[in-house]
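Okay, here's what each chain looks like letter by letter:
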Amino acid sequence: MIRRIRAEGLEPFVVDVRYDTGQDYVLPLVESGAVTAVMCPTDMRQLQYLRALSSNGIDVPRQVSVTGCDGFLPGMDVLGLTTYTWPIGHFADTVIDTMIDLIKRFRTPDDRREVVSVKFEGEVVAGATVAPPPL
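As the structure is a computational prediction, the values presented were derived from the model and not from experiment.

Draft legend 1. Focus on the overall build of the chain. If you tally the helices and strands in the chain, you get five helices and four strands. Reading the chain from its N terminus to its C terminus gives the helix and strand order α-α-β-α-β-α-β-α-β. The C-alpha atoms of the chain give a radius of gyration of 19 Å, which is well past the 14 Å a tight globule of 135 residues would have. Along the three orthogonal principal directions, the C-alpha set of the chain runs to about 65 × 30 × 30 Å. Per-residue burial for the chain yields a buried fraction of 27% across its 135 residues. Partitioning the intrachain contacts of the chain with sequence separation of at least 6 by distance along the chain shows that 66% fall at a separation of at least 24. Roughly 9,700 Å² of accessible area belongs to the chain as shown, and the carbon and sulfur atoms make up 58% of that amount. The centroid of the 13 positive side-chain charges in the chain is displaced by 6 Å from the centroid of its 18 negative side-chain charges.

In structure tokens form, the structure reads like this:
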């Protein structure tokens, strides 16, 4: 996503959220207008941000757009959340096929030990939490 944003001539502001939500850092940036979109690493985190933004009187999507990522949250369609979803069934099939292939090759002349890397394309699921940035 970051590469895609940069390809559009924009510079993303990346916040490390491994240890906390980043809300204490991001909310003032949203309030000041410096940040117009928050891309959350999961749909559950998106809900946390929506709650925090609402509690601070910030209107989503008029003042800031908020997206999630994973598509796992039950009721997303009812809630109108915007997310990026992954082809989970295809993930699972690929993992199983790769494991079976590696097991069959084990201790044969065709045995391979390198890391298997597969890229998957997801898709945006449109919702009511994204709008053009405020002017």
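Draft legend 2. Region of the structure containing the packing of helix H2 (residues 23-32) against helix H3 (residues 43-55). Interaxial distance between H2 and H3 falls to 11 Å at its minimum, and their mutual angle equals 50°. If you check the angle between H2 and H3, you find them oblique. For the element pair H2 and H3, the recorded crossing hand is right-handed. Between H2, through Gln23, Val26, Leu27 and Val30, and H3, the contact on the second element is made entirely by Gln48, Tyr49, Ala52 and Leu53. When the residues that make up the contact of H2 with H3 are grouped by side-chain class, the tally is six nonpolar, two polar and no charged.

Draft legend 3. Main features of the packing of aromatic side chains. Overall, the coordinates contain four aromatic pairs when judged by the stated rule. Summarising the aromatic geometry, the rings of Trp86 and Phe91 are spaced 6.2 Å apart at their centres and angled 25° between planes, so their arrangement reads as stacked. Overall, the relative accessible area of 30% leaves Trp86 in the partly exposed class. An angle of 75° between the planes, with centres 4.3 Å apart, marks the rings of Phe91 and Phe120 as edge-to-face. One end of the pair, Phe91, is in helix H5 (residues 88-105); the other, Phe120, is in the loop between H5 and strand E4 (123-125), with 29 residues separating them in the sequence. Owing to a relative accessible area of 27%, Phe91 belongs among the partly exposed residues under this scheme. Ring-pair connections join several aromatic residues into one group, and the members of that group are Tyr84, Trp86, Phe91 and Phe120.

Parameters at a glance
Residues numbered from 1 in each chain as written. Predicted model: local features only at pLDDT ≥ 70, side-chain atom pairs only at ≥ 80, totals over all residues. Heavy atoms only, no water. Helix = DSSP H or I, 4+ residues; strand = E, 2+ residues; numbered from the N terminus. Rg over C-alpha atoms; globule rule 2.2 N^0.38 Å. Buried < 20%, exposed > 50% of the residue type's maximum accessible area, 1.4 Å probe, protein only. Contact = heavy atoms within 4.5 Å. Areas by Shrake-Rupley, 256 points an atom, 1.4 Å probe, with all protein chains shown as cover. Lys, Arg positive; Asp, Glu negative; His and termini not counted. Charge placed at Lys NZ, Arg CZ, Asp CG, Glu CD. Axes fitted to C-alpha atoms, helices over the stretch in contact; angles between N-to-C directions. Parallel < 35°, antiparallel > 145°, perpendicular 65-115°, else oblique. Left-handed = near helix turned anticlockwise from the far one by under 90°. Nonpolar A, V, L, I, M, F, W, Y, C, P; charged D, E, K, R; others polar. Phe/Tyr/Trp six-rings, centres within 6.5 Å; stacked < 30°, edge-to-face > 60°.

Take it as geometry only, folks, not as evidence of what the structure does.
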